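In case you want the letters, here they are:
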Amino acid sequence: MIKASGLKLRFCTNETQATRGKFVEKLQRLGFNISVNEVTAPAPAACRVLRERNLRPHLLVHDDLVPEFDQLDKANPNCVVIGDAADNFSYKNLNEAFRVLIGLENPILISLGRGRYYKETDGLKLDVGVYMKALEYACDIQAEVVGKPAKMFFQSALAEMEVEPQQAIMIGDDIVNDVGGAQQCGMRALQVRTGKYRPCDEQHPEVKADGYVNNLAEAVDIIVKQLHK
Amino acid sequence: MQLLRMAARRVLKAVLVDLSGTLHIEDSAVPGSQEALKRLRNAPVAIRFVTNTTKESKRDLLERLRSLEFDIAEDEIFTSLTAARNLLEQKQVRPLLLVDDNALQDFRGIPTNDPNAVVVGLAPEHFNYQMMNKAFRLILDGAPLIAIHKARYYKRKDGLALGPGPFVTGLEYATDTKATVVGKPETTFFLEALSGTGCKPEETVMIGDDCRGDVGGAQNAGMLGILVKTGKYRAADEAKINPAPYLTCDNFPQAVDHILQHLL
């Protein structure tokens, strides 16, 4: 319905355990009409940043994410990119990443998100933010976060659509990372009462959404109605 | 006049000496250190060997130092493992011990079944994703997190390697809690190291290679700190703490020279 209305559309996700291709396939199997070039995810956003700044990354990411970085020169790395690497977060791999950073005159650590943990079928698991903090502490540096809620991330999605923040609305379930992050860029944002939403989100001390809706369908209805006014 | 001069001049009664990186690097002594230690023993000062080493029990440390021909007694060694054990006994908790197998003997007698506490030392073999998740879930459920120390990294023969600090920091972030750190540079560690010597921090000098951990920590506890440029020292480390080290010199023998010539 959004597409029919003539509005530009992008999907913003922090997913870093799979390439865009893989999880778009998953969504298509679930019946969604979505294609890879409509997705803004941290890995491709990071690739843009790396290319702009002539950075050659040492990767500490999930095996399935590696293909996203195929186009980049990785010899003689001058930065480290860390994603939700799960079992790849071994001492050996972390140490390698640490050694790259500590050996650089200007150590750059790019983190594909800053989440603390996420829920899987077999329990809670540590997310990329934890290991980002570990390397920050080890090297006494600050990571650059690519992925929600970083401004860089939303701005890159907007740039791809060639749209100003004031002309865009973000819809998400995470009051801080989706709604808060988008608003900080000058966009409006709606929170959907699904996913990780909790009722207390509507009284969040720092973030007030521009609207709270029951689900994506309702959000779309509202937006399209506004358009036709 | 005399009183003013005496007040301004510290009386030195105790010397704390770091082990790894200061007296020795892995299995080699820092050249001249054995002899320097002998000279220090001729002075009227109490000596304690303090270490954050979490991979070795007191027995291991003693054996290695003696094989390198250092003249040291077991009760002169104070380690962060001892400090951790003391805390566990105080709190009466059962720890998940993320410590090197060798270090386990220093925890003998402490129950570890059905853990309700997490102890993190330098244990690369335990810092895998699975074990980290196990520790994380315990802490999220309320288990206290005890860090033997929070060193960022240490020097191995094959280069620098991550210490426990980064992993403790990560767990703190994941659970939104703060670890209780028992090793250097905590003030409690330095004060506990002096117990039994009858000396005060103001009467003590600490010699070590870790600017923040050894020197910064000791000076925060009221001691003087001497930074040696061996072990994990890297150029310009001395500029990283405020106040700066009382003295920065090449190695332990030079530090001893300075003490004997200027502080006694």
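Structure's up top.
Residues numbered from 1 in each chain as written. Chains lettered and ligands numbered in written order. Predicted model: local features only at pLDDT ≥ 70, side-chain atom pairs only at ≥ 80, totals over all residues. Heavy atoms only, no water.

1. Things to note about the nonpolar core
Counting residues in hydrophobic clusters, the biggest one holds 55 residues, and the most contacted among them are Phe-98 and Tyr-131 of chain A. One finds Cys-79, Phe-153, Ala-157 and Ala-189 of chain A within the second-largest nonpolar core, a separate group that totals 35 residues. (Core = buried A, V, L, I, M, F, W, Y, C linked by side-chain atoms within 4.5 Å. Buried < 20%, exposed > 50% of the residue type's maximum accessible area, 1.4 Å probe, protein only.)

2. Considering empty space enclosed by the protein
The gaps left among the atoms become clear once a water-sized probe is rolled over them. In total, this model carries one cavity of 30 Å³ or more according to the counting rule given. Roughly 40 Å³ of internal volume is contained in the largest cavity. Considering only residue class, the lining of the largest cavity consists of five nonpolar, one polar and three charged. (1 Å grid on protein atoms, 1.4 Å probe; cavity = no way out; pocket = protein on both sides within 12 Å on 5 of 7 lines; lining within 4 Å. Points joined across faces, edges and corners; volume = space filled by probe spheres on them. Nonpolar A, V, L, I, M, F, W, Y, C, P; charged D, E, K, R; others polar.)

3. With respect to the sheet that holds strand β8 (residues 144–145) of chain A
Residues and elements named next belong to chain A. Reading across from one edge, β3-β4-β5-β8 is the order of the four strands in this open sheet, with parallel pairing throughout. Of all the strands in the sheet, the pair left with one neighbour each is β3 (57–60) and β8. Where strand β5 (residues 109–111) lies against β8, two bridges are found, and the strand directions are parallel. Bridging across to β8, Ile-110 finds its partner in Glu-144. Of the strands in this sheet, β3, β4 (79–82) and β5 are in contact with helix α3 (residues 42–52), which crosses β5 at around 155 degrees. (Pairing = 2+ DSSP bridges. Helix = DSSP H or I, 4+ residues; strand = E, 2+ residues; numbered from the N terminus. Contact = heavy atoms within 4.5 Å. Axes fitted to C-alpha atoms, helices over the stretch in contact; angles between N-to-C directions.)

4. Notes on the packing of aromatic side chains
Scanning the entire structure with this criterion turns up 11 aromatic pairs over all chains. Measuring from ring centre to ring centre gives 4.0 Å for Phe-127 of chain B and Phe-167 of chain B, while their planes differ by 20 degrees; the resulting arrangement is stacked. Placement of Phe-127 of chain B in the loop between β7 (117–120) and α5 (129–140) and of Phe-167 of chain B in helix α6 (residues 165–175) is noted, with a sequence separation of 40 residues between them. Accessibility assignment for this pair places Phe-127 of chain B and Phe-167 of chain B in one class, buried. Between the aromatic rings of Phe-189 of chain B and Phe-190 of chain B, the centroid separation amounts to 5.7 Å while the plane-to-plane angle is 90 degrees, which identifies the pairing as edge-to-face. Residue classification places Phe-189 of chain B among the buried residues on the basis of a relative accessible area of 0%. What links up through ring pairs into an aromatic cluster is the set Phe-89 and Tyr-131 of chain A together with Tyr-129 of chain B. Sitting over the face of the ring of Tyr-137 of chain A, Lys-150 of chain B holds its NZ or CZ atom 5.0 Å from the ring centroid. Taking NZ or CZ as reference, Arg-152 of chain B lies 4.6 Å from the ring centre of Tyr-137 of chain A, over its face. (Phe/Tyr/Trp six-rings, centres within 6.5 Å; stacked < 30°, edge-to-face > 60°. Lys NZ or Arg CZ within 6 Å of the ring centre and 35° of its normal.)

5. A short note on the sheet that holds strand β12 (residues 204–208) of chain B
Residues and elements named next belong to chain B. Ordered in space as β5-β4-β1-β12-β13-β14, the six strands form an open sheet in which the pairing is parallel. The open sheet has two free edges, formed respectively by β5 (77–79) and β14 (247–249), since each of these has just one partner strand. Between one strand axis and the next, the sheet turns through 20 degrees on average, direction left out of account. Across four bridges, β12 lies against strand β13 (residues 224–228) in parallel orientation. Among the inter-strand pairings, Ile-207 is bridged to a residue of β13, identified as Ile-226. Strands β4 (46–51) and β5 of the sheet are contacted by helix α3 (residues 58–67), whose axis makes an angle of about 135 degrees with β5.

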